[in-house]
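Residue-level listing of the chains:
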Amino acid sequence: MENGISTPIYRYIYTASCTDCAKPLLTRTLACLVLCSLIVTAYSGPAMPSISLIGRWGKYDISVRIPNQPKWAYDAVVNATETWNAVQLWFKEMYYPNSVTYVFLTQPRLTQADVTVNFTENWINGTDAGLTSPLIFNHVIQSVTVGISTLQPPIMRTIALHEFGHVLGLGHSNYTGDLMDISTIHPNNSPSTLDLYAVHELAEGRVPQTPITLPNGIPYEASPPVSVGGSSATFIAAVIAGILIVTVSVAVVIIQRRNEK
Ligand SMILES: [Zn+2]
């Protein structure tokens, strides 16, 4: 039952394809799209930001298995999951103090996890920077596989942030520049209040079947930067570096004093 094979009638796989998110070759196309949307906006007024939803988790602690190599890619994905944990808490304190939030628990060597991340050195399916494939029964997410290309290190974290928005159950936003917009990706992107309101709705057990918009009282804005912890290996490396610096400094002082005598 767990893999759904025995209940195929209720099973479907939603494949959220983040095509083009990070492809330099498409820069001109994207510039064209932005220009066209500006022209359309000038005539019709800005579209109300909205986002679609694909499913919700039946629990709040979500385990994530991430390959520990390449290390920089592992760190980028851990950072993305910790960012989602932190910005949900920011949104909760701002607007829904008594609500619950999802928590990603990351491990490099989990044998069983709710979310499995795979790194690839090529574009996924030839064109995609990231690909998230959730297994969903009756709007409830059972497990998710996330593929992320390592071709673009500077925006790896943003790709992971976008894909983990899908992992939480978000579809795409219609709003240019939103983290969950399918066609734009920016190194400094962070989840918006729209994205976080949608995650809040899912955490409350609601999976609207049409795109949702922000309620009155919550402005559309990006979540603020949050500080997230580095991995334990990074921490240990920093401690060792600190000890080395102190040791060398003390040695230099001792040598200088001996020379002075
Ligand atoms: Zn996407």
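What counts as what
Residues numbered from 1 in each chain as written. Predicted model: local features only at pLDDT ≥ 70, side-chain atom pairs only at ≥ 80, totals over all residues. pLDDT = per-residue confidence, 0-100. Contact = placed C-beta atoms within 7 Å. Pairing = 2+ DSSP bridges. Helix = DSSP H or I, 4+ residues; strand = E, 2+ residues; numbered from the N terminus. Axes fitted to C-alpha atoms, helices over the stretch in contact; angles between N-to-C directions. Parallel < 35°, antiparallel > 145°, perpendicular 65-115°, else oblique. Nonpolar A, V, L, I, M, F, W, Y, C, P; charged D, E, K, R; others polar. Buried ≥ 20, exposed ≤ 12 C-beta atoms within 10 Å, placed from the backbone. Core = buried A, V, L, I, M, F, W, Y, C linked by C-beta atoms within 7 Å. Expected span 1.5 Å × (residues − 1). Left-handed = near helix turned anticlockwise from the far one by under 90°. Right-handed = clockwise from strand over helix to strand, strands pointing away.

Q: When you look at the confidence of the model for the chain in this model, what are you seeing that I'm missing?
A: Residues shown with low pLDDT carry predicted positions that ought not to be read at fine detail. Overall, the prediction assigns the chain a mean pLDDT of 80, with 70% of residues at 70 or greater. Scored below 50 in pLDDT, residues 1-15 makes 16 contacts in the model with residues more than four places away or belonging to other chains. Between residues 231-240, whose pLDDT stays under 50, and residues either more than four places distant or in other chains, the model counts four contacts.

Q: I keep staring at the sheet that holds strand S11 (residues 212-213) and nothing clicks. Help me out?
A: Strand pairing in a sheet relies on backbone hydrogen bonds, with the paired strands running either antiparallel or parallel. In spatial order, the strands read S10-S3-S11; together these three strands make up an open sheet with antiparallel pairing. Single-partner strands in this sheet number two, and they are strand S10 (170-173) and S11. Direction of pairing for strand S3 (residues 50-53) relative to S11: antiparallel, over a ladder of two bridges. Across the sheet, isoleucine 51 pairs through a bridge with isoleucine 212, a residue of S11.

Q: Sorry, what's going on with the packing of helix H2 (residues 71-95) against helix H4 (residues 193-203) here?
A: What describes two packed helices is the angle between their axes and the distance between those same axes. Where H2 meets H4, the axes come as close as 10 Å, and the angle between the chain directions of the two elements is 85°. In terms of orientation, H2 lies roughly perpendicular with respect to H4. For the pair formed by H2 and H4, the contact residues are Val87, Gln88 and Phe91 on the first element and Thr193, Leu196, Val199 and His200 on the second. Per-class residue counts for the contact of H2 with H4 are four nonpolar, three polar and no charged.

Q: How should I be thinking about unusual backbone geometry in this particular structure?
A: Glycine aside, residues mostly have negative phi angles, and peptide bonds mostly take the trans form. Here the residue pair glutamine 69 and proline 70 is connected by a cis peptide bond, since its omega of -5° sits within 30 degrees of zero. Mapped onto the elements of the fold, proline 70 is located in the loop between strand S5 (61-65) and H2. The residue asparagine 125 is not glycine, and still its phi comes out positive at about 55°. Structurally, asparagine 125 can be placed in the loop between strand S7 (115-120) and strand S8 (128-137). Among the residues examined, asparagine 125 registers 12 C-beta atoms within 10 Å and is labelled exposed.

Q: Can you walk me through the nonpolar core in this structure?
A: Counting 44 residues, the largest nonpolar core has Val77, Ala160, Leu168, Ala198 and Val199 as its most contacted members. Looking at this core, the elements with two or more residues in it are S3, S5, H2, S7, S8, strand S9 (140-149), helix H3 (156-168) and H4. Non-local contacts of leucine 168, meaning those with residues more than four positions away in its chain, are made with Trp84, Tyr102, Val199 and Leu202.

Q: I tried to follow H2 on my own but got confused; where do I start?
A: What sets the pattern is the α-helix's 3.6 residues per turn: residues three or four places apart point alike. Between its terminal C-alpha atoms H2 stretches 36 Å, which fits the 36 Å expected from 25 residues at 1.5 Å a residue. When we look at burial in H2, the residues that qualify are Ala73, Ala76, Val77, Val78, Ala80, Thr81, Thr83, Trp84, Val87, Gln88 and Phe91. Along its buried surface, H2 packs onto S5, strand S6 (103-107), S7, H3 and H4.

Q: Teacher, can you tell me more about the packing of H2 against H3 here?
A: At a minimum axis distance of 8 Å, the contact between H2 and H3 shows a crossing angle of 50°. Taken together, the axes of H2 and H3 are oblique relative to one another. In this structure, H2 meets H3 at a crossing whose hand is right-handed. Here H2 contributes Ala73, Ala76, Val77, Asn79, Ala80, Thr81, Thr83 and Trp84 to the contact with H3, which in turn contributes Met156, Arg157, Ala160, Leu161, Phe164 and Leu168. Looking at the contact of H2 with H3 residue by residue, the classes come out as 10 nonpolar, three polar and one charged.

Q: Mind showing me how you'd approach H4 here?
A: Burial runs high along H4: 10 of the 11 residues are buried. Next to the buried residues of H4 lie S3, strand S4 (56-57), H2, H3, S10 and S11. Immediately beyond the C-terminal end of H4, within one or two residues, lies glycine 205, with a positive phi of roughly 95°.

Q: Where do I start with the pairing of S6 in this structure?
A: Regular strands place side chains that alternate from one sheet face to the opposite one. Along S6, the buried face is formed by Phe104 and Thr106; none of Val103, Leu105 and Gln107, which line the opposite face, is buried. The pairing of S5 with S6 spans five bridges and is classified as parallel. Its bridge partner being in S6, arginine 65 is matched across the sheet by glutamine 107. Crossover handedness for the path S5 to H2 to S6: right-handed.

Q: Honestly, the environment of methionine 180 in this entry has me stumped. Any pointers?
A: For methionine 180, the position within the fold is in the loop between S10 and H4. When the C-alpha positions of methionine 180 and serine 52 are compared, they lie 9.7 Å apart, and in sequence the two are 128 residues distant. Each residue touching methionine 180, except ones within four places of it in the same chain, is listed here: Ile51, His162, Gly165, Leu170, His172, Ser173 and Asp195.

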